Amino acid sequence: MPNARRFSSRRRPNLAPWLFISPWIIGFLAFTLGPMVFSLVMSLHDWPVVGERRFVGLDNYRVMLTQDPKFWQSLGVTVKFAAIFVPLNILLSFLLAVLLNVKVRGTALFRTAFYLPSIISGVALVMIWKWIYSKDYGLLNYGLSVLGVDGPNWLGDPNWSILSIIIASLWGLGGTMLILLAGLQSIPKELYEAARISGVPAWAQTVYITLPMLSPMLLFTFITSLISAFQQLTIALLLTKGGPLNSTYFFAMYIYDNAFKFHDMGYAAAMSWVMFLIILTLSMLVLKYSAAWVHYEGEVKGGGNG
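Residues numbered from 1 in each chain as written. Predicted model: local features only at pLDDT ≥ 70, side-chain atom pairs only at ≥ 80, totals over all residues. Heavy atoms only, no water.

Quick word on the environment of Tyr-208
Put simply, the rule reads: Secondary structure elements follow DSSP: runs of H or I of four or more residues count as helices, runs of E of two or more count as strands, with numbering from the N terminus. In this scheme, a residue with accessible area under 20% of its type's maximum is buried, one over 50% is exposed, and one in between is partly exposed, where area comes from a 1.4 Å probe on protein chains only.
Assignment of secondary structure puts Tyr-208 in helix α11 (residues 202-230). Here Tyr-208 falls in the exposed class, since its relative accessible area comes to 61%. C-alpha separation for the pair Tyr-208 and Leu-33, spaced 175 residues apart in sequence, amounts to 42 Å.

Quick word on the nonpolar core
Applicable threshold: Nonpolar core, defined: a set of buried Ala, Val, Leu, Ile, Met, Phe, Trp, Tyr and Cys residues in which side-chain atoms within 4.5 Å join the residues together. For this analysis, residues touch if any pair of their heavy atoms sits within 4.5 Å.
The biggest cluster of nonpolar side chains holds 58 residues, and the ones touching the most others in it are Met-64, Phe-71, Phe-81, Leu-239 and Met-271. Ranked by residue count, the leading element in this core is helix α4 (residues 69-100), at 12 residues. Residues contacting Phe-81, with those up to four places away along its chain left out, are Ile-162, Ile-165, Ile-166, Ser-169, Ala-229, Gln-232 and Phe-250.

As for a nonpolar patch on the surface
Spelled out, the test is: Two distance rules govern patches: like charges are joined within 9 Å, and nonpolar side chains (Val, Leu, Ile, Met, Phe, Trp, Tyr) within 5 Å, applied only to residues with over 30% relative accessible area and no salt bridge. Under the convention used here, a 1.4 Å probe and the Shrake-Rupley method define accessible areas, while residue burial counts only the protein chains that appear. Whenever Lys or Arg places a side-chain nitrogen within 4 Å of a carboxyl oxygen from Asp or Glu, that contact is recorded as a salt bridge.
Judged by side-chain polarity, Trp-24, Phe-28, Leu-29, Leu-33, Val-37 and Val-41 come together as a nonpolar surface patch covering roughly 550 Å² of accessible area. With a relative accessible area of 31%, Phe-28 lands in the partly exposed category.

A word on helix α6 (residues 122-133)
Put simply, the rule is: Every helix has an expected span of 1.5 Å times one less than the residues it contains. This arc is taken over the directions from the axis of the helix to the C-beta atoms.
Spanning 12 residues, α6 covers 16 Å between terminal C-alpha atoms, matching the ideal 16 Å at 1.5 Å per step. Turning to α6, its buried residues are Leu-125, Val-126, Trp-129, Ile-132 and Tyr-133. Down the axis of α6, the buried side of the element spans an arc of 120°, and every buried residue falls inside it. Where the residues of α6 are buried, they touch α7 (139-146), α8 (158-170) and α12 (234-239).

Some words on the packing of aromatic side chains
For the record, the criterion: When two rings of Phe, Tyr or Trp (its six-membered ring) have centres within 6.5 Å they constitute a pair, described as stacked for plane angles under 30 degrees, edge-to-face for angles over 60, and tilted for the intermediate range.
Scanning all chains against the criterion turns up 13 aromatic pairs. Both rings, one in Phe-71 and one in Phe-251, keep their centres 5.5 Å apart while their planes meet at 70°; by these two values the pair is edge-to-face. Taken together, the positions of Phe-71 in helix α4 and Phe-251 in helix α13 (residues 251-260) put the pair 180 residues apart, joining distant regions of the chain. Consider the rings of Tyr-249 and Tyr-254, whose centres lie 5.8 Å apart with planes at 55°: the pair is tilted. Accessibility expressed as a relative area gives 5% for Tyr-249, which makes it buried. Members of the aromatic cluster, each reached through a chain of ring pairs, are Trp-129, Tyr-133, Trp-154, Trp-160 and Trp-171.

In structure tokens form, the structure reads like this:
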């Protein structure tokens, strides 16, 4: 009998791991997978906030892709923003991480100072930049006037408005900088010492040691920056409201307007799924071609029988 009980206890499933992860599973089903499925159902309907809901199939997608010029215009603005913001965000974060990785007095203070803007709420950040960008009393134009330069209307001129959004968005690059700084500090110092002893110049150390060892973090920050760029909404919505002349009318803002201004929830849901598919496709392409430049510790690329 004792052996039979021991055998049956082995056959009994262990529920403890499932109980530990059940909060995450419930949260994922309730707040991620559930809303995604519901939004997919909404995208197949003419779904007003008030009124009768009507099944239209793929009609929302057909209208979006073939009859809605604002869809392509807002997508073009978003792609333009992402093409400038993503490389600048990674480049500036990398340069700051390199500077802050130097062991000098006060480094911790500078690290804190550069990271703090990334935790400021979007609304507070916009209020600061509205004051900086003001044409009449803004800090930026005042500084330019001291140098004898007549500053532009940063938020009112279509030629400068997108640049203003990019600069304001780059103000929160502290999170990306922190990830790259952690990556720099994880690189073995012996590699640099061996390179210096061999007479390798500093620029070559950066190209052949720093960048390859940091490439997994660069891949991660590239994908997260890309996702962030395509979801840009708060800063543009509060700074320019999409103007002037729709020069900052982002794709996410058009989704917001369709949902909460025009009350067309079905069309907004369809646009959200198009955004999801665009981001998913770009992320998969980046991951597919990342093998050519991303190097993981202990990985040997190439092959040979020797």
